[in-house]
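Architecture at a glance
One-letter residues, chain by chain:
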Amino acid sequence: MTVTATRLGGTEPAARVRAEVSELAARVRADGRPPRLTIGTATDDDASAWYVRSIATAAGKAGIDCDIVDLGPAATAAEIRGRLAQLSADPSVTGLMMQTPLPAGVALADVAAAIDPAKDVDGANPLSLGRLAVGLPAFAPATAAAVVALLDHHGVELSGRHAVVVGRSTVVGKPLAHLLLDRDATVTVCHSRTSDLAAVTSTADVLVAAVGRTHLIGPAHVRPGAVVVDVGTNPTEDGGLAGDVDPAVGGVAGGLTPVPGGVGPVTTALLLRNVVRASS
Ligand code: NAP
């Protein structure tokens, strides 16, 4: 296969944001408002535990205190809400997020409503999502914001272009659709009930896959020259990560984000930027 796609990597933009975060963190700390991120978890999912540890490590390097409050996989919605409300009221906690997956039957939007919107650094409170939808200032979910930041870093034009987002979750697909609309893209959102997915995705100038199905998007889904962003992080048998986009798409697309090393590092950097912004 001849690779035509430019690699739209996330390492460099993430490093830039992290440098900004370190500087801001030092400033707010000197002003007597030490930034502190608290992450709630209620799962025994290994991939989630790995992700949370990686956020904590990145936070430490940026001068942000980070602690993990594990409520266990059997936690009820009421227990999670109660703990989040308690942490929201704690003045030493400046940023608060609830990691997914949650126990069966518990919806993120339901429990995240207990997160103070001023500390809602991953934009999970329905109030934050509503404000985002109507164009009011709010913390956007870091993954959705990372997609736009990555495209901006690589100079991908959005205004007037057709962006197709595959996935309509409240953490990625839906907020991303709003962010892309705010950038004057014409936006189509696809999901598991979309009939003839390839017919829709192959009309995209910018195609974003946020599905969670390894290599779902193949060359037949992509218009030659289109920019493709792969949000998927699917664990592989050998302990690695695979995206939602088949690497063969690199022979058709004009630009393609790698997995790992694409959206992921930018997401963590933007999350930490939200934490220092919430402290200032
Ligand atoms: P999710 O809540 O499971 O949502 C998946 C979405 O994909 C749903 O809207 C679903 O449609 C749609 N879908 C499922 N199968 C489909 C199919 N065959 N064709 C078209 N659409 C289909 O997942 P998520 O939390 O949004 O995460 C998506 C992926 O991004 C996962 O791999 C996750 O690990 C990754 N992720 C990465 C980062 C990062 O920083 N890189 C952060 C968060 C998530 P329905 O709504 O109809 O069910």
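What comes next concerns the included structure. (Residues numbered from 1 in each chain as written. Predicted model: local features only at pLDDT ≥ 70, side-chain atom pairs only at ≥ 80, totals over all residues. Heavy atoms only, no water.)

This next bit is on the site of the ligand. Lining the immediate surroundings of the ligand are 21 residues, of which Thr143, Arg168, Ser169, Ser192 and Thr233 lie closest. Between Val231 and the ligand, the recorded distance is 3.5 Å, taken from a backbone N or O atom to an oxygen atom. One of the side-chain N or O atoms of Thr267 is found 3.1 Å from an oxygen atom in the ligand. In isolation the ligand has 930 Å² of accessible area, and contact with the protein removes 71% of it. A class-by-class count of the residues in the shell around the ligand yields 8 nonpolar, 11 polar and 2 charged. (Near = heavy atom within 4 Å. Polar contact = N/O pair within 3.5 Å; in protein donor to acceptor, adjacent residues only side chain to side chain. Areas by Shrake-Rupley, 256 points an atom, 1.4 Å probe, with all protein chains shown as cover. Nonpolar A, V, L, I, M, F, W, Y, C, P; charged D, E, K, R; others polar.)

We now examine the nonpolar core. In summary, soluble globular proteins display a tendency toward joint burial of nonpolar side chains. One finds Leu37 and Ile64 to be the most contacted residues of the largest nonpolar core, which totals 48 residues. Take this core: its biggest share by element is 8 residues, from helix α9 (residues 263-279). For this core, the two domains that each supply at least three residues are domain 1 (30-120) and domain 2 (142-265). For Ile64, the residues in contact, after removing those within four places along its chain, are Val21, Ala25, Arg29, Pro35, Arg36, Leu37, Ala59, Leu272, Val275 and Val276. Ranked by size, the runner-up nonpolar core spans 18 residues in total, among them Leu102, Leu108, Val111 and Ala112. (Core = buried A, V, L, I, M, F, W, Y, C linked by side-chain atoms within 4.5 Å. Buried < 20%, exposed > 50% of the residue type's maximum accessible area, 1.4 Å probe, protein only. Helix = DSSP H or I, 4+ residues; strand = E, 2+ residues; numbered from the N terminus. Domains from an automatic or database assignment. Contact = heavy atoms within 4.5 Å.)

A word on the pattern of salt bridges. Evaluation of the coordinates by the stated rule reveals 10 salt bridges. For Glu23, the salt bridge goes to Arg27, with nearest N and O atoms at 3.4 Å. Of the two residues, Glu23 and Arg27 both sit in helix α1 (residues 11-30), 4 residues apart, roughly one turn of that helix. We classify Arg27 as partly exposed; its relative accessible area is 48%. The salt bridge partner of Arg223 is Asp205, with a shortest N-O separation of 3.1 Å. With a gap of 18 residues between them, Arg223 in the loop between β7 (206-209) and β8 (227-230) and Asp205 in the loop between α8 (197-201) and β7 connect regions that are remote in the sequence. Of the residues examined, Asp205 reaches a relative accessible area of 19% and is grouped as buried. If you follow the salt bridges from partner to partner, you end up with Glu20, Arg273 and Arg277 in one network. (Salt bridge = Lys/Arg side-chain N within 4 Å of Asp/Glu carboxyl O.)

α9 packs onto helix α2 (residues 46-61) with a crossing angle of 55 degrees between their chain directions and a minimal axis gap of 10 Å. In this view, α2 runs oblique relative to α9, as classed from their interaxial angle. Seen from above, α2 lies across α9 with right-handed handedness. Contacts between α2 and α9 involve Tyr51, Ile55, Ala58 and Ala59 from the former and Thr267, Thr268, Leu271 and Leu272 from the latter. (Axes fitted to C-alpha atoms, helices over the stretch in contact; angles between N-to-C directions. Parallel < 35°, antiparallel > 145°, perpendicular 65-115°, else oblique. Left-handed = near helix turned anticlockwise from the far one by under 90°.)

Relative to the helices and strands, Pro235 resides in strand β9 (residues 234-235). Here Pro235 falls in the exposed class, since its relative accessible area comes to 60%. It is 8.8 Å that separates the C-alpha atoms of Pro235 and Thr214, two residues lying 21 residues apart in sequence. If sequence neighbours within four positions are ignored, Pro235 has contacts with Ala47, Gly240 and Leu241.

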